[in-house]
Amino acid sequence: MQPRNSRLNSAALRGAVDLAAVKAAGEAAQKAEQARAERARQAAAAEADGVAPQPAYQLVIDVTEDTFETEVVQRSTEVPVVIDFWAEWCGPCKQLSPILEGLAEEYAGRFVLAKIDVDANQLIAQQFGIQGIPAVMAVVAGQLVPLFQGAESAANVRKVLDQLILVAEQRFGISGGAVAPGEPADAAGPQRPEDPALAAAHDALDAGDLGGAIRAYQNVLADQPGNTEAKLGLAQAELLQRVEGLDLQAVRAAAAADPKDVGTQLQAADLDLVGGHVEDAFGRLVDTVGRTFGEDRDTARLRLLELFEVIGPEDPRVVAARAALARVLF
């Protein structure tokens, strides 16, 4: 188990946003295709042997500290995993849980619902920073995505799930869904033909050639202005280039000493994001926009919009920060 706002694996942690997310997306898509192919192979073998095929995975599962790695982290490379933090004594949980379970059945494998009893799994609740229940989060390709806290209507939950599934498909190529016996693995998910120019940009980013990656992503966007993956890669490469050589402690001390120094606040926000403190980075820049005017305000606002690109427009934290930005601007 890793703490909240972290990559949920044993690799070096970069926060809820992985700054090599372009690479992670490709790897996740590849793992998802491999998993679908393996499920299709097993189903075909079972059919040939006259054995009734088994479901690809259970739609609703009870998860403990011992099974979290397998049932949530590893499973999230195949299908979005929605986590329902609940307890027997929690009244609102008894309203929300049946809604989530019903939608898991309705969505028929487009996500898996993992139920975690916070009383029986207190360590997980502490590490995720659960302060109230019900609380609902998701894990996609090993990355944590906070969704909402408190009871919600089925209509609102459905909207959140639709956004989550869209992000999982578009960014990571993870579509979930069971593979019917004999169905080709390719039919279970969207095809992602590799763009040589985009692959070259990814390779440059992976190799740490930030300047080369920036140029390569810009070239892709010159031909394909709407390419979401290139926009994400460019935003990440530019962010990493900006924080090169910065001293974390020195920048944070300077930012605390002079909140009106916009340049220092921008550096601190960049470092916050790289360290995985997404809400802190957004909050710092929203506050900076609120206390500045003219060119300084516009500079802070534009940097905040750039950081939104790093995280992705559908992320709930971006949605919340956009609302906060609108409040201080208008």
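Conventions adopted
- Residues numbered from 1 in each chain as written.
- Predicted model: local features only at pLDDT ≥ 70, side-chain atom pairs only at ≥ 80, totals over all residues.
- Heavy atoms only, no water.
- Disulfide = S-S within 2.5 Å.
- Buried < 20%, exposed > 50% of the residue type's maximum accessible area, 1.4 Å probe, protein only.
- Helix = DSSP H or I, 4+ residues; strand = E, 2+ residues; numbered from the N terminus.
- Axes fitted to C-alpha atoms, helices over the stretch in contact; angles between N-to-C directions.
- Parallel < 35°, antiparallel > 145°, perpendicular 65-115°, else oblique.
- Left-handed = near helix turned anticlockwise from the far one by under 90°.
- Contact = heavy atoms within 4.5 Å.
- Nonpolar A, V, L, I, M, F, W, Y, C, P; charged D, E, K, R; others polar.

**Student:** Provide a residue-level description of the state of the cysteines, including the pertinent values.
**Tutor:** Enumeration according to the criterion identifies 1 disulfide in this entry. Here cysteine 90 pairs with cysteine 93 through a disulfide, and the sulfurs are 2.4 Å apart. Between cysteine 90 and cysteine 93 the sulfur-sulfur dihedral comes to about 80 degrees; the bridge is accordingly right-handed. In this structure cysteine 90 comes out as buried when scored by relative accessible area, which is 2%.

**Student:** How would you summarise unusual backbone geometry if you had to cite specific residues and measurements?
**Tutor:** At the junction of isoleucine 133 and proline 134, the peptide bond is cis and its omega measures out at 0 degrees in the coordinates. Topologically, proline 134 is positioned in the loop between α4 (122-127) and β4 (135-140). Notably, alanine 108 is not glycine yet its phi reads approximately 55 degrees, a positive angle. If you trace the backbone, alanine 108 turns up in the loop between α3 (91-107) and β3 (112-117). For alanine 141, which is not glycine, the phi torsion reads 55 degrees and is therefore positive. You can see alanine 141 is positioned in the loop between β4 and β5 (143-149).

**Student:** Explain the packing of helix α6 (residues 196-206) against helix α7 (residues 210-223) to me, and be specific about the residues and the numbers.
**Tutor:** It is the contact of α6 with α7, at a shortest axis distance of 8 Å, that shows an interaxial angle of 160 degrees. Comparing the axis directions of α6 and α7 gives the class roughly antiparallel. Crossing handedness for the pair α6 and α7: left-handed. Along its contact with α6, which presents Ala197, Leu198, Ala201, His202, Ala204 and Leu205, the element α7 presents Leu210, Gly212, Ala213, Ala216, Tyr217 and Val220. Partitioned by chemical class, the residues of the contact of α6 with α7 number 10 nonpolar, 2 polar and no charged.

Such coordinate-based values are descriptive only and should not be taken to indicate function.
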